2 protein chains.
Amino acid sequence: MTSIADRVLQGDVRAAARLMRDLDDAVPSARAALQELFPRTGRAFVVGLTGAPGAGKSSLTDRLVAHHRAAGKTVGVVAVDPTSPYTGGAILGDRIRMQDHALDPGVFIRSMATRGNLGGLSRATAGVVAVMDAMGKDVVVVETVGVGQDEIEVAALAHTVVVVAVPGLGDDVQAIKAGVLEIADVFAVNKADREGADRTVRDLQQMLELRRQTATRPGLEHDAAHELRGSPAWSPDDPAFWEPPIVKTVAVRDEGVGDLLAAIERHRQHLEATGQRRAREVARARAAFLALLRDRLLAGALERLAAEEGHLDALAARIADHVEDPFRLADELAARLGA
Amino acid sequence: MTSIADRVLQGDVRAAARLMRDLDDAVPSARAALQELFPRTGRAFVVGLTGAPGAGKSSLTDRLVAHHRAAGKTVGVVAVDPTSPYTGGAILGDRIRMQDHALDPGVFIRSMATRGNLGGLSRATAGVVAVMDAMGKDVVVVETVGVGQDEIEVAALAHTVVVVAVPGLGDDVQAIKAGVLEIADVFAVNKADREGADRTVRDLQQMLELRRQTATRPGLEHDAAHELRGSPAWSPDDPAFWEPPIVKTVAVRDEGVGDLLAAIERHRQHLEATGQRRAREVARARAAFLALLRDRLLAGALERLAAEEGHLDALAARIADHVEDPFRLADELAARLGA
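Residues numbered from 1 in each chain as written. Chains lettered and ligands numbered in written order. Predicted model: local features only at pLDDT ≥ 70, side-chain atom pairs only at ≥ 80, totals over all residues. Heavy atoms only, no water.

(A) Quick look at the overall build of chain A. A tally of helices and strands in chain A yields 13 helices and 7 strands. Buried residues in chain A amount to 58% of all 339 residues. With an accessible surface of roughly 13600 Å², chain A has 51% of that area assigned to carbon and sulfur atoms. (Helix = DSSP H or I, 4+ residues; strand = E, 2+ residues; numbered from the N terminus. Buried < 20%, exposed > 50% of the residue type's maximum accessible area, 1.4 Å probe, protein only. Areas by Shrake-Rupley, 256 points an atom, 1.4 Å probe, with all protein chains shown as cover.)

Take a look at the structure:
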């Protein structure tokens, strides 16, 4: 019998779609398929696209896909929408626009439902990216909404992260931009025909200037971005230093998209010339391995727990009543398991 | 020597602040202090407050604190700001307003830096809530920005979750509202003096109507909200069913805040009358225990790994080069550890 992984490698789109759905639903058999695909992954260039709601990320993704296709490249798109984690992907909205590409066999689009995937969003997304990679897609675009820890983990899957800003957002949203400063490789100021676009560009320039000045502040090496993305160079004196370019775009009118692609390409070349592409891939491999190990250990422990101590829910009830101490329980169980 | 936990229980505010900082930084010794405090926790009523950037959550938190204080209750505030995960809490902004309460010994305010706490945001927040609980705070308000998976995990710490909406946000933000539908116990339409407030109320009413109609859709029991919050009743026929009230507020003018508090209080009574308060606490205890167990197992495995296989980074490099398979490595190591 041909495995689902074999069928994916033979270009069977329905098999790929099924595997991706299984990854999104955390179906256990999907893990074996990913393992089978693993030797065939690692070739796609992964672009992350993130920003606040309303920034026009989907339109920009749509245009990036069109430009890549015009250049003869095949493209995968993973749309991560953590803003609707419970709807099972029912909210279509922007996704509908992508239908332009629905009949193009060189494009594969997948929306992550994220439902039932609590705490595993970044893992499921990594799996879907791996499937597209194994399918031979030249470029995979991962589009995420907002910037929380999950989004940052998702962004860490990418070689190049594009942060999409828009003119005229309030102070709270400016704070979001500051939050993404450490993961941005390229800034796109989208809807740049709106009033205030130049101010948004200047704000970003100021933030980058501030970043250069504080490049050596102590403790930065412990940052999450560091942990997930290798060791980026924050000091302008470092030859590996990269100053994120700021590109103005009007996605719905297809303006500036060529400039954005050129900026992404320059960043790709920078990553390769400085060895940072590999550093990012090693950091990602480390995180993926630890996640797999954690899963495997917990699954084993829960089996033992069920056999020895009865149902987990009964334990949880005793903890909720404060008659059992969860810290002691965890220590004891781990010790019995030899950990 | 008096332990830090003893000092917290004696009302030592500086000891509490230090412990919270250690929790935020994931300092190992903080775990022992939490364990010591555990028997003294479980009394505070925890209110979650979440919503899109710009919704005025901090102003509303500020007003809730003032009203609780006027009623003689002590209050803890945990401000989770995942929009600035790398700044070490440097972005003050809204926080400054809370300075009104800075000199009030009945109020304890803590901003979570979240830096260095990748994937552990909800855990660190749970720890800080536990410290405030052990300090004897009657009410703890957990304020979070946006709605990603992290925010939902943080919201799951709460007995009552208030989702703050505002008039006049775009379609993408409406999608956010749909995403929080399953965790909202109370809706506050803040900035209700703005144009479009009534439309926002109607939109929310329509979404709640849709939820009633789809209450029985299959598969809902696998939802993340279910996993984290016990077994809420989605069907209006269930006696435990709760229809989230929608309250209009203008936090900066202190309007509607009494109504919001009354709605929270009605929800608290509903939780207790239907046994759902306990169900939420059991679900939370279960998640907390599993997180502790996972940590403990992984720490043990990494120790063994370091002893047997050399540095984790070298393994990660071999995985990145695709000469080692992370799935096989994880399985083998777990098997050797007896899991």
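Moving on from the coordinates now.
(B) Seen up close, the sheet that holds strand 4 (residues 139–145) of chain A. Residue and element names in this part refer to chain A. Pairing within the open sheet is parallel, and its 7 strands lie in the order 3-2-4-1-5-6-7. The strands lining the two open edges of the sheet, one partner per strand, are strand 3 (107–112) and strand 7 (246–248). The average angle at which neighbouring strand axes cross in this sheet is 20°, direction not considered. Across 5 bridges, the pairing between strand 1 (residues 45–51) and strand 5 (residues 160–165) is parallel. Residue pairing for strand 5: Val47 is matched across the bridge by Thr160. (Pairing = 2+ DSSP bridges. Axes fitted to C-alpha atoms, helices over the stretch in contact; angles between N-to-C directions.)

(C) Main features of unusual backbone geometry. Residue and element names in this part refer to chain A. If you check the backbone angles, Lys191 has positive phi at about 55° while not being a glycine. With respect to the element layout, Lys191 can be found in the loop between strand 6 (186–189) and helix 8 (197–213). The class of Lys191 is partly exposed, set by a relative accessible area of 24%. A positive phi angle, near 60°, is found at Asp254, a position not held by glycine. Here Asp254 is to be found in the loop between strand 7 and helix 10 (257–273).

(D) Seen up close, the packing of helix 4 (residues 57–70) of chain B against helix 10 (residues 257–273) of chain B. All names here are of chain B. Two elements in contact, helix 4 and helix 10, have axes whose closest approach is 10 Å; the angle formed by their N-to-C orientations is 75°. One element, helix 4, and the other, helix 10, form an angle in the roughly perpendicular class. On the side of helix 4, the interface is formed by Leu60, Arg63, Leu64, His67 and His68, while helix 10 contributes Val257, Gly258, Leu260, Leu261 and Ile264. Partitioning the contact of helix 4 with helix 10 into residue classes produces 6 nonpolar, 3 polar and 1 charged. (Parallel < 35°, antiparallel > 145°, perpendicular 65-115°, else oblique. Contact = heavy atoms within 4.5 Å. Nonpolar A, V, L, I, M, F, W, Y, C, P; charged D, E, K, R; others polar.)

(E) Quick peek at the pattern of salt bridges. A full pass over the atoms with the stated rule returns 42 salt bridges over all chains. Between Asp331(B) and Arg31(A) there is a salt bridge, with the nearest N and O atoms lying 2.9 Å from each other. Residue Asp331(B) is located in helix 13 (residues 326–336), and its partner Arg31(A) is located in helix 3 (residues 29–37); the two belong to separate chains. A salt bridge links Arg328(B) to Glu324(B); the nearest nitrogen and oxygen atoms lie 2.7 Å apart. Note on Arg328(B): relative accessible area 33%, which makes it partly exposed. (Salt bridge = Lys/Arg side-chain N within 4 Å of Asp/Glu carboxyl O.)

(F) Representation of helix 3 of chain A in the model. Those residues of helix 3 of chain A not exposed but buried are Ala30(A), Ala33(A), Leu34(A) and Leu37(A). Looking straight down helix 3 of chain A, one finds its buried side chains confined to an arc of 100°; they lie on one side. (Arc of directions from axis to C-beta.)

(G) How the structure looks around the side chain of Glu281(A). Its location among the elements puts Glu281(A) in helix 11 (residues 276–309). Side-chain polar atoms of Glu281(A) contact the side chain of His159(A), separated by 2.7 Å. Sequence-distant contacts of Glu281(A), that is, excluding residues within four places in its chain, are made with His159(A) and Ala320(B). (Polar contact = N/O pair within 3.5 Å; in protein donor to acceptor, adjacent residues only side chain to side chain.)

(H) Spotlight on the environment of Arg266(A). All names here are of chain A. Turning to its location among the elements, Arg266 is positioned in helix 10. The class of Arg266 is partly exposed, set by a relative accessible area of 43%. As a C-alpha pair, Arg266 and Pro245 span 21 residues in sequence and 9.7 Å in three-dimensional space. Apart from residues lying up to four places away in sequence, Arg266 is in contact with Trp242 and Pro245.

(I) How the structure looks around the environment of Ala32(B). Relative to the helices and strands, Ala32(B) is located in helix 3 (residues 29–37). In sequence terms Ala32(B) and Ile4(B) are 28 residues apart; their C-alpha atoms lie 9.6 Å from each other.

(J) A look at the pairing of strand 2 (residues 75–80) of chain A. All names here are of chain A. A large share of strand 2 lies buried, amounting to 6 of its 6 residues. What you see with strand 2 is no split at all: Val75, Val77 and Ala79 on one side and Gly76, Val78 and Val80 on the other are buried throughout. One ladder, built from 6 bridges, connects strand 2 with strand 3; its direction is parallel. Residue pairing for strand 3: Gly76 is matched across the bridge by Phe108. Two strands pair when backbone bridges link them, and strand 2 and strand 4 are joined in this way by 6 bridges, in the parallel orientation.

(K) Representation of helix 10 of chain A within the structure. Residue and element names in this part refer to chain A. Between its terminal C-alpha atoms helix 10 stretches 24 Å, which fits the 24 Å expected from 17 residues at 1.5 Å a residue. The complete set of buried residues in helix 10 reads Val257, Leu260, Leu261, Ala263, Ile264, His267, His270 and Leu271. Looking at the residues trailing helix 10, positive phi occurs at Gly275, about 80°. (Expected span 1.5 Å × (residues − 1).)

(L) How the structure looks around the sheet that holds strand 3 (residues 107–112) of chain B. Residues and elements named next belong to chain B. The strand order across the open sheet built from 7 strands is 3-2-4-1-5-6-7, with neighbouring strands paired in parallel fashion. Two strands bound the open sheet, and with one partner strand each, they are strand 3 and strand 7 (246–248). Within the sheet, the average angular offset between the axes of one strand and its neighbour, ignoring direction, is 20°. Lying on the sheet, helix 10 is in contact with strand 1 (45–51), strand 5 (160–165), strand 6 (186–189) and strand 7; it crosses strand 5 at an angle near 145°.

(M) The pairing of strand 5 of chain B, seen in detail. Residue and element names in this part refer to chain B. Strand 5 sits mainly inside the fold: 6 of its 6 residues count as buried. What you see with strand 5 is no split at all: Thr160, Val162 and Val164 on one side and Val161, Val163 and Ala165 on the other are buried throughout. Sheet topology places strand 5 next to strand 6; 4 bridges connect them, and they run parallel. Within strand 6, the position partnered with Ala165 by the bridge is Val189.

(N) Main features of the packing of helix 3 of chain A against helix 13 of chain B. The geometry of helix 3 of chain A relative to helix 13 of chain B is characterised by a closest axis approach of 8 Å and an angle of 125° between their N-to-C directions. Relative to helix 13 of chain B, the element helix 3 of chain A lies oblique. On helix 13 of chain B, the residues that touch Arg31(A), Leu34(A) and Gln35(A) of helix 3 of chain A are Phe327(B), Arg328(B), Ala330(B) and Asp331(B).

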